[in-house]
Amino acid sequence: MASKKKSGAREVIKEEDVLQAVVIADSFNIRFAPITKNIPRALMPLCNVPLLDYTLEFLCEAGIQEIIVFCCAHAEKIKAHIRNSKWSKGSSPASVRTIISEDCLSMGDALRDLDSKSIIRSDFVLVNADLISNMDLKSAIQTHKKRRDKDKSSVMTMVFKHAPAGHRSRCHEDEVIIAVDKETDQVLHYSKVGDKKKIAFPLEIFKEHPAVQLRYDLLDCQVCICSPLVAPLFSDNFDYLTRDHFVRGLLINEEILGNTIHVHVIEDDYAARVSNLMMYDAVSKDVIARWSYPLVPENNISTRHMDDYIYGRHNTYTCTDVRLSRGCILEQDVMIGPGTSVGQNSTIRRSIIGRNCKIGEDVHLDGTFIWDNVTIEDNCHITQAVLCNNAVVKRDVNIEKGCILSYDVIVGPCIKLPSRTMLMSEPASHDDSDSDDDETDLDPAATEIDPNIVGSEGKAYLYKPATGNNDEVEDLAKNMWGLTMRIEDDDDKSSGISDNESQSGDELDSDMSFGDGEPLPVDEDEDSQMFYTEVLDTLDRAEEEDQDAENIILEINSLKHAYNIAIKEVNELVVRCIGEHICVKNPHLENVQLLAVFLKLLKKWMKVLRNYIKNSEAQKHCLTGLEELCLQQDKMKVILLKVLNFLYDQEILSEEVIIHWHKTVPSTGDQAMRISIRKQVDPFVTWLEEAEEESSDDDDED
């Protein structure tokens, strides 16, 4: 009998030590409407894998043994997804179960519901179902438990990542500034920044704590390690709707409640929430760029599809059964799911395509997210948009930045879809109560199909949020895709995310919307001309004073910001300036001598070129600059072949981009001249094509 008692005691202790996690599978907002009318945010695909799978994989890697997925909207879909996934199998490292409550309207309601059911028995990890992270959560949990052993008043450890302002993974709406006790890591003050220009700190925190750090260099990972007291505290305070309410409430009432909150800061690991469309874009590109390793496409964490991705150069991922027609170009940061076909002469850049899609000929995709079973017919141009499952884009359709085509939407043919248009396949109604929103009814902005908007064969209705959500709608309009109200109001400034080289491999204009779009400068021609003149003067001065490349780059960057010049123009105009500088300085040189001088100076300033010509898009800009230079300087047309050969040897220009430029003649003026320029380099392009064919034949033989 005694042995049985001991065994029972061991079982109780073991149950108390089980690591738990609570995953909130509802967003309680309209950030992803109208998509979330059909599915919850937790099941939205990111790099062709549902967001929830990333979160569960992260928690299992941290040794979590029991995961509670709390669902409200679309609960049955989430439950079915988990039931059909690897998490429900006996080999799963964690027990995953769903708790459903359709009456909850906030995270606070969810924790109060869990408290009433007495489900939380020990310390637990609190996260949202849209988290992607590879951090060492075990270390944070151990630190939290050691602190709790010494100080029972510590009820929560918040995980932050060191990320300076401007980091692409920082979400503007979640930016915070905190005051921390340097010795104990206790949070003394917590404030959302938003659009505030001034932040006030209580004087008492500086009087009571000898060493206080003010931290604005932290990214809130939205990962919290909580004591069992957290859920009862939510139950005792019904005004706590969010985690931020909880944190601020405890800090204000610390002397009364005696509870404290601490921080755990990570440095090199990755962690980010997909909390809005800008973050959906940013996190997708981070996964493609492998910052989230081992959560990368070829490691196939999908629980329903065993996709076999092959990782290629320039962060391209394709499945073995993808069909790519001759002449199509995958530039960089591209992912294509199984069963998808791409037609001839199509160009795909910084885009993710799902399973069983059909991409026609002469299609151009840039920064676009295409889900499963989507059809895009010939000669379509799509920029920075989301196309959900079964969407159809007819021929000759131009979809501008920030558009959303929800499930089963059909548009076209021969239309231009304006920026930020949101479409769904059914008319809106006040009975739409199955969306992932805090106020789920929709305002029927349109109940009839408008062929002037969606095309003669289109089947789609405009989406407009309910009028009762004015604050939410205004915030959504300002932040969607990083496109701001500047599109409609010239007085507003752009708030697009800047994308630095360390994260994505591209140097992008800090004023570019959606991380990579073109800005909307005022008096563009005048500013560009002034920039061009200033760069010419800079190059003249650099040669006379024998300045090094670093000084030239510094001056050009200063001029870029002074005249608000997009990176596209910088790439183009810098190359033109170098050529014009040589031609103006050496007007009497013959072709051979001019080429020698040109190549000598290019070698000297090669570091300048490499600073700006970093990817295939920048290479296109470089070729455009050289083409414009040839239109202005006849001598340049004669030596262009040798210049392209030199830049190709220096790996500034790639054969794919050169061939694509050669085949594509702009429809602007001087077409005859542009064709003659291309004829000058025919021998070089022919050589490139033959070399490419030989390489392809060798690969086939192997």
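Going by the structure above, here's the rest.
Our subject in this report is the structure included herewith. Since the structure is predicted, the reported quantities are computational estimates derived from the model, not experimental observations.

Describing the pattern of salt bridges
Note that side chains of opposite charge can pair when their charged atoms are close. Using the criterion set out here, one finds 32 salt bridges in the structure. The partner of R97 in a salt bridge is E66, and the shortest N-O contact between them spans 3.4 Å. One end of the pair, R97, is in strand β5 (residues 95-100); the other, E66, is in strand β4 (residues 66-71), with 31 residues separating them in the sequence. Using a relative accessible area of 11% as the deciding quantity, one classes E66 as buried. Between D220 and R243 there is a salt bridge, and its shortest N-O distance comes to 2.5 Å.

A short note on the side chain of H621
Take H621: it is sitting in helix α19 (residues 616-632). You can call H621 buried: its relative accessible area is 8%. At 3.1 Å, the side chain of H621 forms a polar contact with the side chain of N571. Filtering out sequence-adjacent residues up to four positions away, H621 remains in contact with K568, N571 and E572.

Here we look at the environment of E76
Tracing the backbone through its elements, the reader meets E76 in helix α3 (residues 75-83). E76 gets classed as exposed once you look at its relative accessible area, which sits at 53%. Each C-alpha atom of the pair E76 and T98 lies 9.6 Å from the other, and the pair is 22 residues apart in sequence.

Regarding the nonpolar core
Within the largest apolar cluster, 69 residues are counted, with the highest numbers of intra-cluster contacts made by W371, I376, L387 and V393. The element that contributes the greatest number of residues to this core is helix α10 (residues 277-288), accounting for six residues. Of all hydrophobic cores here, the second largest spans 58 residues; its members include L599, L623, I639 and V681.

Quick notes on empty space enclosed by the protein
Inspection of the entire model under this criterion finds nine cavities of 30 Å³ or more. Within this model, the largest cavity holds a volume of roughly 120 Å³. Around the largest cavity, the lining comprises 14 residues; the ones closest to its centre are S169, C171, D174, L219 and D220. Broken down by secondary-structure element, the contributors of at least two residues to the lining of the largest cavity are β12 (218-226) and β14 (271-273). At four residues, β12 tops the list of elements feeding residues into the lining of the largest cavity.

A closer look at the sheet that holds β5
Backbone-to-backbone hydrogen bonds join strands into a sheet, with any given pair of strands oriented parallel or antiparallel. Strand order in the open sheet formed by seven strands is β5-β4-β1-β6-β12-β8-β13, with mixed pairing between adjacent strands. Single-partner strands in this sheet number two, and they are β5 and β13 (260-266). Mean inter-strand twist for the sheet, computed between neighbouring axes without regard to direction, equals 25°. The strands touched by helix α5 (residues 137-150) within the sheet are β6 (124-128), β8 (154-162), β12 and β13, with β8 carrying the most contacts at an inclination of about 145°.

A few points about the pairing of β6
Most of β6 is tucked away, with five of its five residues classed as buried. Side chains F124, L126 and N128 project from β6 onto one buried face, and the interleaved V125 and V127 project onto a second face that is buried too. Bridge analysis of strand β1 (residues 20-24) against β6 gives five bridges, and the strand direction is parallel. The residue bridging V23 from the neighbouring strand is V127, located in β6. Where β6 meets β12, three bridges bridge the pair, whose relative direction is antiparallel. Across the sheet, residue F124 finds its bridge partner in β12, namely C226.

A word on the packing of helix α16 (residues 567-585) against α19
Contact geometry of α16 with α19 gives a least axis separation of 8 Å together with a crossing angle of 40°. In this view, α16 runs oblique relative to α19, as classed from their interaxial angle. Considering only the axes of α16 and α19, their crossing is right-handed. Two secondary-structure elements touch here, α16 through K568, N571, E572, V575, R576, G579 and E580 and α19 through A618, H621, C622, T624, G625, L626, E628, L629 and Q632. In the contact of α16 with α19, the residues fall into five nonpolar, six polar and five charged.

Parameters at a glance
- Residues numbered from 1 in each chain as written.
- Predicted model: local features only at pLDDT ≥ 70, side-chain atom pairs only at ≥ 80, totals over all residues.
- Heavy atoms only, no water.
- Salt bridge = Lys/Arg side-chain N within 4 Å of Asp/Glu carboxyl O.
- Helix = DSSP H or I, 4+ residues; strand = E, 2+ residues; numbered from the N terminus.
- Buried < 20%, exposed > 50% of the residue type's maximum accessible area, 1.4 Å probe, protein only.
- Polar contact = N/O pair within 3.5 Å; in protein donor to acceptor, adjacent residues only side chain to side chain.
- Contact = heavy atoms within 4.5 Å.
- Core = buried A, V, L, I, M, F, W, Y, C linked by side-chain atoms within 4.5 Å.
- 1 Å grid on protein atoms, 1.4 Å probe; cavity = no way out; pocket = protein on both sides within 12 Å on 5 of 7 lines; lining within 4 Å.
- Points joined across faces, edges and corners; volume = space filled by probe spheres on them.
- Pairing = 2+ DSSP bridges.
- Axes fitted to C-alpha atoms, helices over the stretch in contact; angles between N-to-C directions.
- Parallel < 35°, antiparallel > 145°, perpendicular 65-115°, else oblique.
- Left-handed = near helix turned anticlockwise from the far one by under 90°.
- Nonpolar A, V, L, I, M, F, W, Y, C, P; charged D, E, K, R; others polar.

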